[in-house]
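# Report on the structure
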Amino acid sequence: MNKEEFTQRVLEAESSLYHVALAASANKSDCEDAVQEAILTAYEKLHTLREEKYFKTWLTRILINTCFKMSRSRKNIVSFEDYMPDEAAGDDTELSEVREAVMALPPKIRTAVVLYYIEGYSVDETAYMMRLPAGTVKSRLHKGRKMLKDTLGDTDIQEKREIYEK
């Protein structure tokens, strides 16, 4: 893979990388630093990529490792506003509540939820990126769904389902 192709593939994955880093990092500035550091590391270690078709998965794995390394080195308290900005949500209060509930999940569960539900990776891809067995990822996703259901409640979901079925 040459420099131009590497650059193109990174640009294609940029949005996804940012979302993953935001889920795994402590705040927005850490998120941006982690993405930059992961891209630099990936470029330096490009020779270790076995198959180019797995580039995005490989780069995401590097990013997750970078985020965990940064969080271990920086133990600080961050406000919710820095943790999950409302730029994309606008004034949608339901989306804001969901975002807040997702960000309140423990980091290990939150990372699995974001990779699987938001970024659309399969259980196996998520397991590979998090270096966990697929069963552990499934367990974290189940716990995440349960915690979100407890936090958000399911009354709105039931009401919407009843309206839809009529």
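Up top is the structure these notes are about.
As the structure is a prediction and not an experimental result, all values here were calculated from the model.

Here is what the cut-offs are and how they apply
- Residues numbered from 1 in each chain as written.
- Predicted model: local features only at pLDDT ≥ 70, side-chain atom pairs only at ≥ 80, totals over all residues.
- Heavy atoms only, no water.
- Helix = DSSP H or I, 4+ residues; strand = E, 2+ residues; numbered from the N terminus.
- Buried < 20%, exposed > 50% of the residue type's maximum accessible area, 1.4 Å probe, protein only.
- Contact = heavy atoms within 4.5 Å.
- Core = buried A, V, L, I, M, F, W, Y, C linked by side-chain atoms within 4.5 Å.
- Phe/Tyr/Trp six-rings, centres within 6.5 Å; stacked < 30°, edge-to-face > 60°.
- Axes fitted to C-alpha atoms, helices over the stretch in contact; angles between N-to-C directions.
- Parallel < 35°, antiparallel > 145°, perpendicular 65-115°, else oblique.
- Nonpolar A, V, L, I, M, F, W, Y, C, P; charged D, E, K, R; others polar.

## So, the overall build of the protein
- Helices and strands together make up the secondary structure of the protein, namely 9 helices and 0 strands.
- When the helices and strands of the protein are listed from N to C terminus, the series reads α-α-α-α-α-α-α-α-α.
- For the protein, the residues scored as buried account for 37% of the 166 residues in total.
- Long-range contacts, defined here as pairs at least 24 residues apart, represent 64% of the contacts in the protein between residues at least 6 apart.

## Topic: the nonpolar core
- The biggest cluster of nonpolar side chains holds 40 residues, and the ones touching the most others in it are F55, W58, L63 and L115.
- If you list the elements that add at least two residues to this core, you get α1 (3–24), α2 (28–44), α3 (55–73), α5 (93–104), α6 (107–118), α7 (123–130) and α8 (134–152).
- It is α1 that contributes the most residues to this core, 9 residues altogether.

## Side note on unusual backbone geometry
- Positive phi is not limited to glycine here, since R131 has a value of about 55°.
- Inspection of the secondary structure puts R131 in the loop between α7 and α8.
- The class for R131 is exposed, based on a relative accessible area of 62%.

## What to know about the packing of aromatic side chains
- According to the stated counting rule, one finds 4 aromatic pairs in the structure shown.
- For the pair Y116 and Y117, a centre-to-centre distance of 4.7 Å together with 90° between the ring planes defines the contact as edge-to-face.
- Residue classification places Y116 among the partly exposed residues on the basis of a relative accessible area of 29%.
- Overall, Y117 belongs to the partly exposed group, its relative accessible area being 41%.
- Grouping aromatic residues by their ring pairs yields a cluster made of F6, Y43, F55 and W58.

## Let's talk about the packing of α7 against α8
- Remark: α7 packs on α8, axes separated minimally by 8 Å, with the N-to-C direction vectors making an angle of 105°. What the angle tells us is that α7 and α8 run roughly perpendicular. Only A134, V137, K138, R140 and L141 of α8 make contact with α7, whose side of the interface consists of V123, D124, T126, A127 and M130.
- Class assignment of the residues belonging to the contact of α7 with α8 gives a composition of 6 nonpolar, 1 polar and 3 charged.

## A few points about the packing of α6 against α8
- Contact pair α6 / α8: the axes reach a minimum separation of 9 Å and the direction vectors enclose 95°. On the basis of their axis angle, the class for α6 and α8 is roughly perpendicular. Facing K108, I109, A112, V113, Y116 and Y117 of α6, the residues of α8 in contact are R140, L141, K143, G144, R145 and M147.
- Residue composition of the contact of α6 with α8, grouped by class: 7 nonpolar, 1 polar and 4 charged.

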